Amino acid sequence: MIEMKNIILKGLAAGVAMLAASLVLTAVLGALFPTLAAEYATPLFRPWSDPVMLYAFINPFVAGVLLAWLWANVAPLLKRKDAANKAVAFGGAAWLAFNVPGMLMTLSSFNVSAVMVASWSAIALVQYLLAGVVFAKLEK
């Protein structure tokens, strides 16, 4: 049986890494692509003063716990021997399964630029890979 306390602790650890990556990469991508800041200022997005925007800081922890549960269930199935390969296989597969379809739907359904969708997808890829690294490092 998978111990929930262990999953939650691993998920919170991954959440810290995922939040840090999100904050850093958002700033870097915003500097590289100034049009992103202008796009975030449109009425499509909530202002930072809206309390609902706090979820942007909570989401990595929710995702981290869910990914930790997934790791606990699929890590034994990963055929790679070393932790780095397991982490990349897990993070890449999670990104392909969870992010790519949603980003394609976002691009086709919402009035947001391809640059914005690509930036979200790139950030998610780094987050999922980091989560895999955290889980592999914390694995016994």
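Keep in mind it's a predicted model, so treat the numbers as computed, not measured.

Time to look at the overall build of the chain. Of regular secondary structure, the chain possesses 5 helices and 0 strands. The N-to-C order of helical and strand elements in the chain reads α-α-α-α-α. Seen through its principal axes, the chain has C-alpha atoms that stretch 45 × 30 × 25 Å. Expressed as a percentage of the 140 residues in the chain, the buried residues total 34%. By element, 73% of the accessible surface of the chain is carried by carbon and sulfur atoms, the whole surface being about 8600 Å². Looking at charge distribution, the chain has the averaged site of its 9 positive side-chain charges lying 11 Å from that of its 5 negative ones.

A contiguous nonpolar patch, built from L23, W48, L54, Y55, F57, I58, V62 and L66 and spanning about 830 Å² of accessible area, is present on the exposed surface. Top contributing element to the nonpolar patch by residue count: helix α3 (residues 55-74), with 5 residues. Mapping F57 onto the fold places it in helix α3. When its relative accessible area of 36% is taken as the criterion, F57 is described as partly exposed.

Next up on the list: the pattern of salt bridges. Under the counting rule described, the total for this entry stands at 2 salt bridges. The salt bridge involving D50 is made with R46; its shortest N-O contact spans 2.9 Å. A salt bridge links K86 to E139; its shortest N-O distance comes to 3.4 Å. Here E139 lies in the segment after α5 (114-138) and K86 lies in helix α4 (residues 83-109), a separation of 53 residues in the sequence.

For the rest of this paragraph, the subject is the side chain of E39. Tracing the backbone through its elements, the reader meets E39 in helix α2 (residues 35-40). Here E39 occupies a buried position and makes no salt bridge, while the nearest side chain of opposite charge, R46, is found at 16 Å. At 2.7 Å, the side chain of E39 forms a polar contact with the side chain of S113. Ignoring anything within four residues of it in the chain, the contact list for E39 reads F45, N111, V112, S113 and M116.

The rules behind these values
- Residues numbered from 1 in each chain as written.
- Predicted model: local features only at pLDDT ≥ 70, side-chain atom pairs only at ≥ 80, totals over all residues.
- Heavy atoms only, no water.
- Helix = DSSP H or I, 4+ residues; strand = E, 2+ residues; numbered from the N terminus.
- Buried < 20%, exposed > 50% of the residue type's maximum accessible area, 1.4 Å probe, protein only.
- Areas by Shrake-Rupley, 256 points an atom, 1.4 Å probe, with all protein chains shown as cover.
- Lys, Arg positive; Asp, Glu negative; His and termini not counted.
- Charge placed at Lys NZ, Arg CZ, Asp CG, Glu CD.
- Patch = residues over 30% accessible without salt bridge, like charges linked within 9 Å, V, L, I, M, F, W, Y side chains within 5 Å.
- Salt bridge = Lys/Arg side-chain N within 4 Å of Asp/Glu carboxyl O.
- Polar contact = N/O pair within 3.5 Å; in protein donor to acceptor, adjacent residues only side chain to side chain.
- Contact = heavy atoms within 4.5 Å.

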